[in-house]
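# Understanding the architecture of this molecule
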Amino acid sequence: MQTTILQKVTIVDMNNEIITETLFEHGTVLSSSLAVGWSVSTYPFGLREFDVVLDKREQRTVSHKVIDIELDLTGESNAVKAYLEPQTLIIGQHDVGLTG
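### Some thoughts on the pattern of salt bridges
Side chains bearing opposite charge may pair, as long as their charged atoms lie close to each other. Counted by the stated rule, this structure contains three salt bridges. In this structure, the salt-bridge partner of Lys 8 is Glu 21, at a minimum N-O distance of 3.6 Å. In this pair, Lys 8 sits in strand β1 (residues 3-12) while Glu 21 sits in strand β2 (residues 18-29), placing the two residues 13 residues apart along the sequence. Residue Lys 8 is classed as partly exposed on the basis of its relative accessible area, which comes to 39%. Its salt-bridge partner being Arg 60, residue Glu 58 comes within 3.9 Å of it at the nearest N-O pair. What makes Arg 60 partly exposed here is its relative accessible area of 45%.

Right under this line is the structure:
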């Protein structure tokens with residue numbers, strides 16, 4: 001069974017006013033054994049203009065906790081979604097530029 005890893009990302013301006021919110025998809029893994037409280041390692045987030053991207057420039061990783069697991073029993077695929085703790089990015093502080 002495949003599990004899709006998702007994370008809510010809020011983009012705010014320097015006054016902490018919300019510009020947009022998005023659900024970032026990290027990808028899918030062939031595992032249904034994730035549990036709430038587990039950690040997932042990934043690259044940190046960055047912004048390329050107003051798009052959320054993974055910042056791989058320094059090859060460092062960050063860990064995020066799984067806060068919810070959703071199992072959809074209404075469809076044929078029985079889709080599983082794992083949600084990571086939400087993140088906030090500030091325009092001007094999390095820019096990664098156009099390279100990379």
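### Quick look at the environment of Thr 3
Its location among the elements puts Thr 3 in strand β1. With 30 residues separating them along the chain, Thr 3 and Ser 33 place their C-alpha atoms 8.9 Å apart.

### Structural notes on the environment of Ser 33
You can see Ser 33 is positioned in the loop between β2 and β3 (39-42). Linking Ser 33 and Glu 21, residues 12 residues apart in sequence, is a C-alpha distance of 28 Å.

The rules we used
Residues numbered from 1 in each chain as written. Predicted model: local features only at pLDDT ≥ 70, side-chain atom pairs only at ≥ 80, totals over all residues. Heavy atoms only, no water. Salt bridge = Lys/Arg side-chain N within 4 Å of Asp/Glu carboxyl O. Helix = DSSP H or I, 4+ residues; strand = E, 2+ residues; numbered from the N terminus. Buried < 20%, exposed > 50% of the residue type's maximum accessible area, 1.4 Å probe, protein only.

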